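# Commentary on secondary and tertiary structure
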Amino acid sequence: MPGPGNVGERVRNLRLTRRLSQAQLAGHDLSDSYISLIESGKRTPTPTVLRMLAERLGCTPEYLAEGVEPEQRAHLEVRERHAHLALLGGDPGTAESGFDEVIARSDDPDLTSRARWGRARALEELGRADQAIALFEELREQAERDPGRASWLPPVIALARCYHTVGDLGQAIALGERAMDRLGKLGLAAGQEYTEAGRILLLAYIDRSEPARAHDLGRRLLHPEGPGEDESTSVHYQRASMRALEEGTIGDSLYFADQALAARTDATPVQAQARLALAAAKALLRGVMPFSEPAPAAMADVVSPGEGVPGIEKPRAEGSREAAQEALVLLNGTDALEGAEATESTIAKARALVLVGELEEAIAELEQFLQTGMALAAPEQGRTLTPHPGNDLAARTQKTVLARLVLARARVAQGDRAAAKVVLRAASEQLRTLPAGRPAAHLLRELGELFELVHDVEAAAAAYRQALEAAGLHAAPSQEANHDLGRV
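The paragraphs below set out a description of the structure included in this document. Here the structure is a predicted model, which is why all the values come from computation and not from measurement.

The next subject is the pattern of salt bridges. Two side chains that carry opposite charge are able to pair once their charged atoms sit near each other. Summed over all chains, the structure comprises 30 salt bridges. E39 is paired through a salt bridge with R15; the nearest N and O atoms lie 2.7 Å apart. Note that E39 is positioned in helix α3 (residues 32–39) and R15 in helix α1 (residues 7–17), a separation of 24 residues in sequence. Among the residues examined, E39 registers a relative accessible area of 11% and is labelled buried. When its relative accessible area of 8% is taken as the criterion, R15 is described as buried. E196 is paired through a salt bridge with R199; the nearest N and O atoms lie 2.9 Å apart. With E196 and R199 both in helix α12 (residues 191–207) and 3 residues apart, this pair spans about one turn of that helix. Residue classification places E196 among the buried residues on the basis of a relative accessible area of 12%. For R199, a relative accessible area of 8% translates into the label buried. What you see here is one network of salt bridges that share partners, running through R121, E124, E125, R161, E196, R199, R275 and E341.

As a further point, take α3. Burial in α3 covers these residues: I35, I38 and E39. Projected down its long axis, α3 carries its buried residues within an arc of 95 degrees, all on one side. Contact partners of the buried residues in α3: α1, α2 (22–26) and α4 (47–57). Two residues or fewer after α3 comes G41, characterised by a positive phi angle close to 85 degrees.

Conventions adopted
Residues numbered from 1 in each chain as written. Predicted model: local features only at pLDDT ≥ 70, side-chain atom pairs only at ≥ 80, totals over all residues. Heavy atoms only, no water. Salt bridge = Lys/Arg side-chain N within 4 Å of Asp/Glu carboxyl O. Helix = DSSP H or I, 4+ residues; strand = E, 2+ residues; numbered from the N terminus. Buried < 20%, exposed > 50% of the residue type's maximum accessible area, 1.4 Å probe, protein only. Arc of directions from axis to C-beta. Contact = heavy atoms within 4.5 Å.

Structure below.
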C-alpha cells in the first residue's frame, strides 16, 4: 500500500519507527530545524536530500517521494496490464477487480488514470452503464481541466456510446456531434475514433427518427470524398497530431501521435469497420435511403405518427428493396463481429432478405438461429427477468423475440398467416418476461404492427397498449361528467 500522507509525514513516521530524534536524522549535513520543516510540510526536500534521508531511514527515495516502493509500482503496472488483457479477452468481471486494486494502491496519476479508464470500460461491458457514465464523466472533466495531459475525445466518445445504451438520445447525439466536430477540425476522417463516433451518431439519429441526418452522415462515413482518402490511417493520425500541436492542445497531439505509432504496426481495425457496417445496415433497414445515392435537394426528415411521444420511438419504416440490397453488401463485411453483435448481424441479414424477396433463405437463417441455445426454451410461468441492463438472459431474450418478429414478417410475406400467428404468439409470451423499458416498448410496437398484418386486431391493440406501458405511459383516468371545467 502507498505510505500514509505526504513526504513529511512519511519521514516522521519512519523516524519514529526507527526511534531517531530529529537531530539524529539530520546528522552533520542538515539541521534539526530543517527536518522539522520537512516533517511539517513547510519544506519539500530536494532529490539529494531525499536520497540522504532514505539511506538513514532504511528505505528508498521513491518511497519517501511517492509512498510506493519500486517493486510495488512494477507490480501495479503489471496488474493494470493484466486487467486490460482480461477486458480484451471478454472477462470484464476479472478486469474490474484488477483495476480496482490498482486504483486503491497506486498514487501514480498516469497509472491511476489508465486504471480508471479501464474500470469504466469494464463497467460498460458488464452492463452497468450508469456507473460507467459517472466514471467517464469524471475522466472527461479531468481531461478538459488539464488538456496538456490527456485528450477529452476518448471519454466523450465513450459517453456518447453509454448514453445511447441507456436511451438518452439527446446526450448521445450532442456528444457524438461534438466528437465529430473536433475530429473534423483536426482533419481526421479515418481511424477508430472517427469510425466509432460516427457509428454511435448514426444509430442515435435512426433511433430519434432523423433519416436525413442519418443518410448524410452514413454517406460521409461509407463514401468519403476529398484528398487523402487513400492514405494510411497512420498518416491521418500523424496529420491530426501536428494540427493539434499547432493549436496548442498538447493532450490531443500526444494521443494522436500514440495512435499513429500504433497504426504503424496494427492491422486495419477490421472489427471497428464491421461494427460501422452493421450500424449502416440497420439504418438502411429502418427507412434510410441507400448511402450510395446522393440525397435529394429537398430531402427532410419524415414525420411519422406518434412523433413527440416520450419514451417510445416513432414507427419504423421498412427499408426499400434497394436499401436492403445495399445492407446485404454491408453485412457481408461483418464476419469479424462476435457475441451479441454477431447475432444482430444475423437478424439484420434475415430482415434484408425478406425485403429483397429471398423469403426461404431468410426463414432458413432465422430457424437455424432459433434452434440453437436458449431460443426455443419456453418462458417459465410467472417469471420476469430483472431489469438490470447487464442481464445476459434478458439481452438474449430480446434478440430471440426480434428474430421471431422477423420470421413472422417472412411468413406474412409468404401469405401464410397461420404460421405467422404461431410465431407471434411465441414472441408475445417471451415478451412478458422482459422488464419494462425502451427495448421492450420497441419490440411490443413491432409485435402490434405484425398482429395487424395477420388481422388479429385484439392482439394488436393489446400489444400497442403494452408498448405504451413499457415506455412508462398510461391511459389518463376518465373525467367525471359533473366537473366544473369552466373553473379549470
